[in-house]
Amino acid sequence: SIPSSRSSIKILKKTGLSGSFRPDFWLLLGIYLAALLGNGLIITAVACDHCLHTPMYFLLSLFLLDLGSISTILPKAMANSLWDTRAISYVGCAAQLFLLVFFMSTELCLLTVMAYDRYVAICKPLHYGTLLRSRACVHMAAAAWGSGFLNALLHT
């Protein structure tokens, strides 16, 4: 006999296939794809235009941090939404916490370095070339990434 539409819906719910119709999953997927597209456009613009290869835009590795932070939380949230579960392992939770704190702390430190870069460019324009050579920018960026790592290690 052919199952009625009512019993086929019950089968779909039991197997988890009905999760594809969940609006919260599609909202999270839209946010994730928009972030990937936006950051991909920034990466392409910086890679293609040689005028953007200055120290200020070197420090603009914030798009990597944004990609990392959104890729830390949203895939698991989408999976939980799709399969209607809230389960996460202890190791998975610790990894998410470490990565999120790492990316956010590093982003905060890089924004501070960028603020210093703009301060020097505006308040000491004649000394900008000597104060912020590319070696100094590499050191400040490395310090920002290192301090983000240490902060995440401390809080995990």
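Residues numbered from 1 in each chain as written. Predicted model: local features only at pLDDT ≥ 70, side-chain atom pairs only at ≥ 80, totals over all residues. Heavy atoms only, no water.

(A) Summary view of the pattern of salt bridges. Enumeration over the complete set of coordinates arrives at one salt bridge. Of the charged contacts, one joins Asp117 and Arg118 as a salt bridge, the two residues approaching to 3.0 Å between their closest N and O atoms. You can call Arg118 partly exposed: its relative accessible area is 35%. (Salt bridge = Lys/Arg side-chain N within 4 Å of Asp/Glu carboxyl O. Buried < 20%, exposed > 50% of the residue type's maximum accessible area, 1.4 Å probe, protein only.)

(B) Spatial organisation of unusual backbone geometry. Backbone geometry at Asp84 places phi at a positive 55 degrees, although glycine is not the residue there. Structurally, Asp84 can be placed in the loop between helix H4 (62–83) and helix H5 (90–123). Given a relative accessible area of 59%, Asp84 falls into the exposed group. (Helix = DSSP H or I, 4+ residues; strand = E, 2+ residues; numbered from the N terminus.)

(C) Main features of the nonpolar core. Within the largest apolar cluster, eleven residues are counted, these being Leu62, Leu65, Phe98, Val101, Phe102, Phe103, Leu110, Met114, Ala141, Ala144 and Ala152. For this core, the secondary-structure elements that each account for two or more residues are H4, H5 and helix H7 (134–155). Among the elements that take part in this core, H5 stands out by supplying six residues, more than any other. Counting residues in each nonpolar core, the second largest holds seven residues, with Phe25, Tyr32, Ala35 and Leu74 among its members. (Core = buried A, V, L, I, M, F, W, Y, C linked by side-chain atoms within 4.5 Å.)

(D) Structural view of the packing of aromatic side chains. Following the criterion strictly, the structure yields seven aromatic pairs and no others. With a centroid separation of 5.7 Å and 85 degrees between ring planes, the pair formed by Phe98 and Phe149 is classed as edge-to-face. In this pair, Phe98 sits in helix H5 while Phe149 sits in helix H7, placing the two residues 51 residues apart along the sequence. Each ring, one from Phe102 and one from Phe149, has its centre 6.5 Å from the other, and the planes form 80 degrees; the classification is edge-to-face. Of this pair, Phe102 sits in helix H5 while Phe149 is found in helix H7, placing the two residues 47 residues apart along the sequence. Overall, Phe102 belongs to the buried group, its relative accessible area being 12%. Owing to a relative accessible area of 39%, Phe149 belongs among the partly exposed residues under this scheme. Pairwise contacts between aromatic rings join Phe98, Phe102, Phe103, Trp145 and Phe149 into one cluster. (Phe/Tyr/Trp six-rings, centres within 6.5 Å; stacked < 30°, edge-to-face > 60°.)

(E) Region of interest: the side chain of Thr106. Mapping Thr106 onto the fold places it in helix H5. Among all residues touching Thr106, those that are not within four sequence positions of it are Leu65, Ala144, Trp145, Gly148 and Phe149. (Contact = heavy atoms within 4.5 Å.)

(F) Representation of the packing of helix H2 (residues 23–48) against H4. Between H2 and H4, the shortest axis-to-axis distance is 9 Å and the interhelical angle comes to 160 degrees. The pairing of H2 with H4 is recorded here as roughly antiparallel in orientation. Both H2 and H4 take part in a crossing whose hand is left-handed. From H2, Asp24, Phe25, Leu28, Leu29, Ile31, Tyr32, Ala35, Leu36, Asn39, Ile42 and Ile43 reach across to H4, where they touch Phe63, Asp66, Leu67, Ile70, Ser71, Leu74, Pro75, Ala77, Met78, Ser81 and Leu82. Grouping the constituent residues of the contact of H2 with H4 by class yields 17 nonpolar, three polar and two charged. (Axes fitted to C-alpha atoms, helices over the stretch in contact; angles between N-to-C directions. Parallel < 35°, antiparallel > 145°, perpendicular 65-115°, else oblique. Left-handed = near helix turned anticlockwise from the far one by under 90°. Nonpolar A, V, L, I, M, F, W, Y, C, P; charged D, E, K, R; others polar.)

(G) Examining the confidence of the model for the chain more closely. Predicted confidence across the chain gives a mean pLDDT of 82, with 82% of residues reaching 70 or more. Looking across the chain, the model is least confident in helix H1 (residues 5–15), with a mean pLDDT of 44, and most confident in H5, with 93. Taken as a whole, residues 6–17 scores under 50 in pLDDT and shows seven contacts with residues more than four places along the chain or in a different chain. (pLDDT = per-residue confidence, 0-100.)

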